[in-house]
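Descriptive structure summary
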Amino acid sequence: MDREKLGRLLPWISTPIMLILFLGIWQFAVSVVGVSKFILPSPLAVGDRLVEMVGERSTWEHVRVTTTEVVLGFGIAVVVGTLLGAILGKIVWLERAVQPALVAFQVVPKVAFVPIFVIWFGFGMTSKIVLTVILAFFPIMLNVLLGVRSVDRGHRDVMRSLGSSRWATFRDLELPSTLPYIFAGAEVGIVFAVIGAIVGEYLGGSQGLGYLVVARLNSIDAAGLFAVIVLLALLGSLLFAIVTTLKRFVIPWHESVQSPAAA
Amino acid sequence: MTPDTPLRDAAASAPMAPGAEIGAGTLPVPAPRPDANQSAELQLVDVNKIYQARTGPVEALKNINLTIGRGEFVSLVGRSGCGKTTLLRILSGLLPPTSGSVTANGESIWRGTRRDDQALKQFGFVFQEANLFPWFTIAENIALPLKLRGVAKKQRLARAEELCAQVGLTGFEGSYPRELSGGMRQRAAIARALSYNPSILLMDEPFGALDALTRDRMNLELQSIHAAAGATVVFVTHSIPEAVFLADRVVLLSPRPGRIRSVTSVPLARPRSLETESTPQFQDIVRELRRQLDEED
Ligand SMILES: Nc1ncnc2c1ncn2[C@@H]1O[C@H](COP(=O)(O)OP(=O)(O)O)[C@@H](O)[C@H]1O
Ligand SMILES: [Mg+2]
């Protein structure tokens, strides 16, 4: 087997090994070293609890709420981030004018606003969606702004030398050359969106996986707590994988997408 | 080596990447256009160009007067920075001159500082970089000008296939630009410029980034394309032998400010082959142009 093939297979071998090692050390710490099960439940206990919870209807209701918040918030963030990024990218003086405000907005810890959002939008999904949008749209907007500015000069010359209309230039040049930036922003944005929804649920409300974490904590159910975290990790990975897969379909020509011929 | 089969000779003598570049028997000669002998005429009268750079004004071109006949092949040579690109961009309507007039077929390509898109329809531009769009396949890239002109998809892709055959890219229609070598990408760029049968072809150091062997072969191909299509060609290069090899006339520019130093006719018979370069006549012209260039220092 040649090196390149091996290199590509490596993660598929190393990841299960690391996972088994991790679980092994964890189990060892619990059963041999004897860490209290209230501090660290054994992986087996967490597994049992996870299976139990997956069987309960209420768990799925929480999953549905969190997923809805993330998907809606992320969707709005993509639209708003792309539009604002495109506008600021195109209109240089406007970007300059709002630059200080943008920096201020970026450095303020948005999570601190959750109580305010709760006052304004209540304990339901809306306040979480607002936080999700605010966290997720920023990286998307910045990337799109950068993308609009980085349309290749040589490519512009081609369109100009062909006497291209504004619309055709947008369709055949500006949009496709900005798409990789939109996806780069979306890959960060989806992670932030999950964080936004969970933190929002931690701090207010009675629904969602974030709320479930707090509820398990309050009933000193450490195994349950870990099980919810596993669910959150799975949800986050799934959503990220969806964005990455979409990217593969939409911009198969881009360097960040390995061509199937090479894979 | 027979002069009328330059491509095959070149291909036989040049090592190629396996499966790449030109396949055996590829003919890079497009069908002659029906109006082949009515190619347009270009004229620059008292053209000046001053750039407003941060460090102050830069006189890029000063008093350029040049008339280029129909079907003529003119090479522009000169050191880098002497205004070759500027001149070509002004000719192509990408850049307005500070003063002076630019006409194609007697019609100004500038209306004030707005260019006349109608006059530009007859221009084909090949840039120093291939400038292919990475999101389009080779065929889609070649067909882009036709898409912008509203040609139906089926027809324009058929035309792209035809052009691929002409420039030796058969089999790569569906590839993305990143999957091609530099030489192949430049061929695609040339095919794109040829797609709508422009009567004036403007080329800015199109082979500058290629290795010497590929470059020789591209020069032979360009000669055949010029002969078959009968287009007027303005070709920028900083290689004197390349300029002489291709041109009917060589225009030498000197820098700061960019002006025309000399215009030299190249009365060598066509079609020219690689052996033309070893004739005394060819070498005399090259030597004379080198001497003029050296005088500048
Ligand atoms: N956009 C620009 N702004 C200011 N100066 C420029 C610009 N483009 C070219 N120049 C200057 O004009 C001169 C001619 O440039 P160019 O036409 O690119 O030369 P060449 O193609 O022969 O190398 C150079 O001195 C260059 O620095
Ligand atoms: Mg140049």
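Residues numbered from 1 in each chain as written. Chains lettered and ligands numbered in written order. Predicted model: local features only at pLDDT ≥ 70, side-chain atom pairs only at ≥ 80, totals over all residues. Heavy atoms only, no water.

1. Re the pattern of salt bridges
Taken as a whole, this structure holds 20 salt bridges over all chains when the rule is applied. Notably, a salt bridge pairs Lys147 of chain B with Asp172 of chain A, separated by 2.8 Å at the nearest N-O pair. Here Lys147 of chain B is found in helix α4 (residues 138–148), whereas its partner Asp172 of chain A is found in helix α8 (residues 166–203) on a different chain. In this structure, Arg216 of chain A engages Asp221 of chain A in a salt bridge whose closest nitrogen and oxygen atoms are separated by 3.6 Å. Looking at Asp221 of chain A, the relative accessible area reads 16%, which means it is buried. (Salt bridge = Lys/Arg side-chain N within 4 Å of Asp/Glu carboxyl O. Helix = DSSP H or I, 4+ residues; strand = E, 2+ residues; numbered from the N terminus. Buried < 20%, exposed > 50% of the residue type's maximum accessible area, 1.4 Å probe, protein only.)

2. Re the domain arrangement of chain B
All names here are of chain B. We note that the domain assignment places domain 1 (1–20 + 125–234) and domain 2 (237–297) within chain B. Contact residues are listed per partner, giving 11 residues for domain 1 and 13 residues for domain 2. Summed over both partners, the interface of domain 1 with domain 2 comes to about 1200 Å²; 56% of that surface belongs to carbon and sulfur atoms. For the pair domain 1 and domain 2, the number of links is one salt bridge. Note that Arg215 and Glu242 form a salt bridge whose closest N and O atoms lie 2.8 Å from each other. (Domains from an automatic or database assignment. Contact = heavy atoms within 4.5 Å. Buried area = accessible area lost by both parts, 1.4 Å probe.)

3. Let's talk about the packing of aromatic side chains
All names here are of chain B. All chains considered together, the criterion is met by 16 aromatic pairs over all chains. Look at Phe73 and Phe235: their rings are 5.9 Å apart centre to centre, the planes differ by 45°, and that puts the pair in the tilted class. With Phe73 in strand β3 (residues 73–77) and Phe235 in strand β10 (residues 232–236), this pair connects stretches of sequence that are 162 residues apart. Assessed through its relative accessible area of 0%, Phe73 is described here as buried. Given the relative accessible area of 0%, Phe235 is considered buried. Here the aromatic rings of Phe207 and Phe235 are separated by 5.9 Å at their centres, their planes lie at 50°, and the arrangement is tilted. Of this pair, Phe207 sits in the loop between β9 (200–204) and α7 (212–229) while Phe235 sits in strand β10, and the two are 28 residues apart along the sequence. Exposure remark for Phe207: the relative accessible area of 1% places this residue in the buried category. (Phe/Tyr/Trp six-rings, centres within 6.5 Å; stacked < 30°, edge-to-face > 60°.)

4. Considerations on the site of ligand 1
Residues and elements named next belong to chain B. In the vicinity of ligand 1, the contacting residues are Tyr51, Ala53, Ala60, Arg79, Ser80, Gly81, Cys82, Gly83, Lys84, Thr85 and Thr86. At 2.9 Å from an oxygen atom of ligand 1 is found a main-chain nitrogen or oxygen belonging to Lys84. Thr85 places a polar side-chain atom, nitrogen or oxygen, 2.7 Å from an oxygen atom of ligand 1. For ligand 1, the accessible surface in isolation is 560 Å², of which the surrounding protein chains cover 62%. (Near = heavy atom within 4 Å. Polar contact = N/O pair within 3.5 Å; in protein donor to acceptor, adjacent residues only side chain to side chain. Areas by Shrake-Rupley, 256 points an atom, 1.4 Å probe, with all protein chains shown as cover.)

5. Some remarks on the interface of chain B and chain A
Each partner contributes to the interface: chain B provides 21 residues, whereas chain A provides 24 residues. Across the chain B to chain A interface the summed buried area is about 2000 Å²; carbon plus sulfur atoms make up 61%. By the criterion of area lost to chain A, the three top residues of chain B are Trp135, Leu148 and Arg178 of chain B, representing 33% of everything that side buries. Remark: the boundary between chain B and chain A carries two salt bridges. Taken together, the links from chain B to chain A amount to eight residue pairs in polar contact (both at pLDDT 80 or more). Tallying contributions element by element places α4 of chain B first for the side of chain B that touches chain A, with four residues. Its residues assigned to classes, the side of chain B that touches chain A comprises 14 nonpolar, one polar and six charged. (Nonpolar A, V, L, I, M, F, W, Y, C, P; charged D, E, K, R; others polar.)

6. Describing the confidence of the model for chain A
Considering every residue of chain A, the mean pLDDT works out to 87; 97% of them sit at 70 or more. Per-element confidence in chain A ranges from a low mean pLDDT of 85 for helix α1 (residues 3–33) of chain A to a high of 92 for helix α3 (residues 57–90) of chain A. (pLDDT = per-residue confidence, 0-100.)

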